[in-house]
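Below, each chain spelled out in residue letters.
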Amino acid sequence: MSLLHIEEPAGKAGAWDGSHPLWRLGFRPFYLAAAGFAALAIPLWMLRYLGWWPAGADGWLYVGFAWHMHEMVFGMAAAVVVGFLYTAAFNWTGNWTPVRGKLAALVALWLLGRLAMLLAPPLAGALVDWLFLPAAAWPLWRVMQKAGNRRNYFLVGLLALMAAANGVFHAITLGRLAANPIAPVQAAILVVVLMEGAIGTRIIPMFTRNGAPGTTPLVQPKLDKWSLGLLAAFALCWITGVPAWLIAPVGVAAAALVLLRLWRWQALKTGRVPLLWIMHLSYAWIAAGLLLLVLSRWQMVSASAGFHALTVGSMAGLILGMMTRTTLGHTGRPLRAGRAETSMFALIQFSALTRVLSALGWDGGAGTLVLSALCWTVAFGLYAYVYAPYLSSVRVDGKPG
């Protein structure tokens, strides 16, 4: 199957010109936009949280706890997921996911959603924001359907679940549904964890085998299926609010299988390869998050500790790990981490540790929380600064994409 060739622009195209290299594949604009937004959104939230908010800003900037929860999952994480899936689907099927003008339009819709959630009246903000996931999922579905790529249909289904959770969140915040807005955000986080679990199962052992000389990761498909099944079962138990005595064995078993598989994937032999250890360590945070959530059901710790282990430790760690690897590989550069990449990875892991410790009560005057926010901001800001030139220029090997 021949691939569509994207011609080099005759002149120097502007960033919003459809022929600009930024619009050649989904990872390029979505990774850059998500990293920039992540580096700005957390400081904005911290200003609000610490009470350092400009007088009168509440009248036109809708920054609050609900905004913070929503934007980290349905804003930042959703952009990375879509950018990754567009790039992966191109590799899986040989068919182009949205590029050029269509890709730019989707990114513009995402950006408009971020502005609407900050500045627009609640109903208008909800409508604009909600449109992004369905609009992004449809072309992904069409590409997979055209290629008969049934193995990955479930990923489109998970995007649909995220869109449904986003709709429920907006219905609650608009007063159309009587429920806690935290619930749909937690549901969406668990959906993303399922994506991480499934994709990590495919790629982490392969990357380890190829990138760490002397390793022989052991993969057992049946064990993988049990692990992913238990992750899904835990998510369902959490969302439906089953009793602690029932969710506890499911969560402990799911966490144990995550750690067992990491051990069999020889995670301990990846310490000298930052592009690998960041994935293994971030994947391990899934187990930590599950165990903390189990403890929270017994009222031993707060649920915030568990969900921040899943979001900052696992989600953000894997996001930075995959964004760097995808960008290097798909721009024709060597898969090698330098000081900038190693710094990003160390910062996001320290951010996760300090954020979880803060949620566990080890916080003196919010200092731990501020430190976590600072590490997060520098990590994503560093990615945006270092990788913007890679993302916005043609592949160095001359290949399409």
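Residues numbered from 1 in each chain as written. Predicted model: local features only at pLDDT ≥ 70, side-chain atom pairs only at ≥ 80, totals over all residues. Heavy atoms only, no water.

For the protein chain, an unreviewed UniProt entry supplies the name NnrS family protein and the organism Rugamonas rivuli.

1. Some details on the overall build of the protein chain
Quick note on the threshold: Segments assigned H or I by DSSP are reported as helices when at least four residues long, segments assigned E as strands when at least two residues long, and all are numbered from the N terminus. Computation of the radius of gyration draws on C-alpha atoms alone. For the globule rule, the value is 2.2 Å times the number of residues to the power 0.38.
A tally of regular secondary structure across the protein chain gives 12 helices and zero strands. Mapped from its N terminus to its C terminus, the protein chain presents α and β elements in the order α-α-α-α-α-α-α-α-α-α-α-α. Whereas a compact globule of 401 residues would reach a radius of gyration of roughly 21 Å, the protein chain reaches 20 Å, a difference of no more than 12%. The principal-axis extents of the C-alpha atoms in the protein chain amount to approximately 60 × 55 × 40 Å.

2. Side note on a nonpolar patch on the surface
Condition: Within this analysis, patches are made of residues with over 30% relative accessible area and no salt bridge. Like charges are joined at 9 Å or less; nonpolar side chains (Val, Leu, Ile, Met, Phe, Trp, Tyr) at 5 Å or less. Note on areas: these come from Shrake-Rupley sampling with a 1.4 Å probe, and a residue is covered only by the protein chains present in the view. We count a salt bridge whenever a side-chain nitrogen from Lys or Arg sits within 4 Å of a carboxyl oxygen from Asp or Glu.
Residues W245, L246, L295, W298 and M300 make up a contiguous nonpolar surface patch of roughly 560 Å² in combined accessible area. Note on placement: M300 falls in the loop between α9 (274-297) and α10 (303-330).

3. A short note on helix α8 (residues 244-264)
Rules: The span one expects for a helix is its residue count, reduced by one, times 1.5 Å.
With 21 residues, α8 extends 30 Å between its outermost C-alpha atoms, agreeing within 8% with the 30 Å of an ideal straight helix rising 1.5 Å per residue. A positive backbone phi angle near 60° is found at Q266, which sits one or two residues after α8.

4. Quick word on the domain arrangement of the protein chain
Put simply, the rule reads: The domain boundaries here were taken from an automatic or database domain assignment. Should any heavy atoms of two residues lie within 4.5 Å, those residues are counted as being in contact. Accessible area that two parts lose when put together, with a 1.4 Å probe and added across both, is what the buried area reports. Each polar contact in these results corresponds to two N or O atoms within 3.5 Å; when the atoms are within protein, one needs to be able to donate a hydrogen and the other to accept it, and residues that are neighboring in sequence are counted only if both atoms are side-chain atoms.
Each domain of the protein chain was delimited in the assignment, giving domain 1 (22-179) and domain 2 (216-393). Domain 1 and domain 2 are separated by 20 Å when their C-alpha centres are compared. On the domain 2 side, the residues contacting the 22 residues of domain 1 number 23 residues. Both sides of the domain 1 and domain 2 interface together cover about 1900 Å² of buried area, and 80% of this is carbon and sulfur. Our count for the contact surface shared by domain 1 and domain 2 stands at zero salt bridges. Put simply, domain 1 and domain 2 have six residue pairs in polar contact (both at pLDDT 80 or more) between them. The set of elements that each furnish at least two residues to the side of domain 1 that touches domain 2 consists of α1 (27-49) and α2 (65-93).

5. Some words on the layout of surface pockets
Sizing a probe to match a water molecule and rolling it over the atoms shows the empty space that remains. Using the following cut-off: Put plainly, a pocket is an open set of points on a 1 Å grid over the protein atoms alone with protein on both sides within 12 Å along at least five of seven lines, a cavity is a set where a 1.4 Å probe fits but cannot get out, and a lining residue has an atom within 4 Å of a point. Grid points are joined across faces, edges and corners, and a volume is the space filled by probe spheres set on the points. Following the grouping adopted for this structure description, the nonpolar residues are Ala, Val, Leu, Ile, Met, Phe, Trp, Tyr, Cys and Pro, the charged ones are Asp, Glu, Lys and Arg, and the polar ones are all others, Gly among them.
Counted as a void, the largest pocket has a volume near 590 Å³. H68, M69, H308, T311 and R355 are, among the 27 residues lining the largest pocket, the residues nearest its centre. Where the lining of the largest pocket is concerned, the elements lending two or more residues are α1, α2, α6 (182-211), α10, α11 (339-359) and α12 (367-391). A total of seven residues in the lining of the largest pocket trace back to one element, the largest contributor, which is α10. For the lining of the largest pocket, a count of residues per class yields 19 nonpolar, seven polar and one charged. Each of two domains, domain 1 (22-179) and domain 2 (216-393), supplies a minimum of three residues to the lining of the largest pocket.

6. Some words on the packing of aromatic side chains
Put simply, the test is: In summary, the pairing rule links any two rings of Phe, Tyr or Trp, Trp by its six-membered ring, whose centres are within 6.5 Å, and it sorts them by plane angle into stacked for under 30 degrees, edge-to-face for over 60 and tilted for everything else. Exposed residues in this analysis have more than 50% of their type's maximum accessible area, buried residues have under 20%, and partly exposed residues fall in between, with area computed by a 1.4 Å probe over protein chains only. In this analysis the charged atom, NZ for Lys or CZ for Arg, is taken to sit over a ring once it is within 6 Å of the ring centre and within 35 degrees of the ring normal.
Inspection of every chain in the model, using the stated rule, returns 15 aromatic pairs. Summarising the aromatic geometry, the rings of F30 and Y86 are spaced 6.4 Å apart at their centres and angled 75° between planes, so their arrangement reads as edge-to-face. Residue F30 is found in helix α1, and its partner Y86 is found in helix α2; the two are separated by 56 residues along the sequence. Residue classification places F30 among the buried positions, given a relative accessible area of 0%. Overall, Y86 belongs to the buried group, its relative accessible area being 1%. With centroids separated by 6.1 Å and ring planes inclined at 85°, the aromatic side chains of W277 and F345 adopt a geometry described as edge-to-face. In this pair, W277 sits in helix α9 while F345 sits in helix α11, placing the two residues 68 residues apart along the sequence. Judged by its relative accessible area of 18%, W277 is buried. What links up through ring pairs into an aromatic cluster is the set F30, Y86 and F132. The lysine or arginine in question, R202, covers the ring of W92, its NZ or CZ lying 5.8 Å from the ring centre. Above the ring of W238, the side-chain terminus of R297 is found at 4.2 Å from the ring centroid.

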